[in-house]
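Each chain, written out:
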Amino acid sequence: MAKHLSTTDVEAVINIIDGWSDEKITWDKICEASVELVGKKPTRQSLNSNKPIKEAYMAKKKSLKTQGIRQPLPANLKAAADRIRNLESKVNRLEEQNNQLLKQFVVWQYNSYKYGIKEHQLNEPLPRIDRDRTETDN
């Protein structure tokens, strides 16, 4: 049975994917690398069914295909190069996520126009939640 991943676990797995430095990335390798951070080995299916993890995986796989083979660096530059690669991977993933959100916004914008929802209606603040009130079953 697959372990349900907490928000912290999801972030940890995404960080593993962002920092991936091997030439090839696979779900099995990510599962193996996740054992220490998650506490037990997650299944490939549980990682693949989690949308943020899947998006990070696909973005990393795409970036590995386009980057090609790297030249070996001296040890003192290797740490810097790893950090740069990690940050570039994170930037690519976040740019892809931002593009998806912009596409979703365009759909919402069209639908609000189509169904006659006005801008002031869209910008209404969320209702205040009264957390002090309790409901009783009588």
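The structure we're discussing is the one just above.
Please read these numbers as outputs of a predicted model, since none were measured by experiment.

About the cut-offs
- Residues numbered from 1 in each chain as written.
- Predicted model: local features only at pLDDT ≥ 70, side-chain atom pairs only at ≥ 80, totals over all residues.
- Heavy atoms only, no water.
- Helix = DSSP H or I, 4+ residues; strand = E, 2+ residues; numbered from the N terminus.
- Expected span 1.5 Å × (residues − 1).
- Buried < 20%, exposed > 50% of the residue type's maximum accessible area, 1.4 Å probe, protein only.
- Contact = heavy atoms within 4.5 Å.
- Phe/Tyr/Trp six-rings, centres within 6.5 Å; stacked < 30°, edge-to-face > 60°.
- Salt bridge = Lys/Arg side-chain N within 4 Å of Asp/Glu carboxyl O.

Structural notes on helix H5 (residues 75-114)
Thought 1: For H5, spanning 40 residues, the distance from its first C-alpha to its last is 59 Å, which sits close to the expected 58 Å at 1.5 Å a residue.
Thought 2: Of all the residues in H5, the buried ones are Ala81, Arg85, Ser89, Arg93 and Ser112.
Thought 3: Buried residues along H5 sit against helix H1 (7-18), helix H4 (51-67) and helix H6 (119-122).
Thought 4: Trailing H5 by a residue or two, Gly116 shows a phi angle of about 75°, which is positive.

Remarks on the side chain of Arg93
Thought 1: Residue placement: Arg93 occurs in helix H5.
Thought 2: Judged by relative accessible area, which is 13%, Arg93 ranks as buried.
Thought 3: In this view, Arg93 contacts Ile14, Asp18, Ala56 and Ala59; residues no more than four positions away in its chain are not counted.

Remarks on the packing of aromatic side chains
Thought 1: Counted according to the given criterion, the structure contains one aromatic pair.
Thought 2: The interplanar angle of 20° and the centroid separation of 4.0 Å between the aromatic rings of Trp27 and Tyr57 together place this pair among those described as stacked. Taken together, the residues span a long stretch of sequence, with Trp27 in helix H2 (residues 27-38) and Tyr57 in helix H4 at a distance of 30 residues. Of the two residues, Trp27 and Tyr57, both sit in the buried class.

Focus: the pattern of salt bridges
Thought 1: Using the criterion set out here, one finds five salt bridges in the structure.
Thought 2: Two residues, Asp18 and Arg93, come together in a salt bridge whose shortest N-O distance is 3.0 Å. Highlighted residues: Asp18 in helix H1 and Arg93 in helix H5, separated in sequence by 75 residues.
Thought 3: Given a relative accessible area of 1%, Asp18 falls into the buried group.
Thought 4: For Glu55, the salt bridge goes to Lys51, with nearest N and O atoms at 4.0 Å. Here Glu55 pairs with Lys51, and both are found in helix H4, just four residues apart, close to one helical turn.
Thought 5: A single network of salt bridges, built from pairs that share partners, joins Lys78, Asp82 and Arg85.

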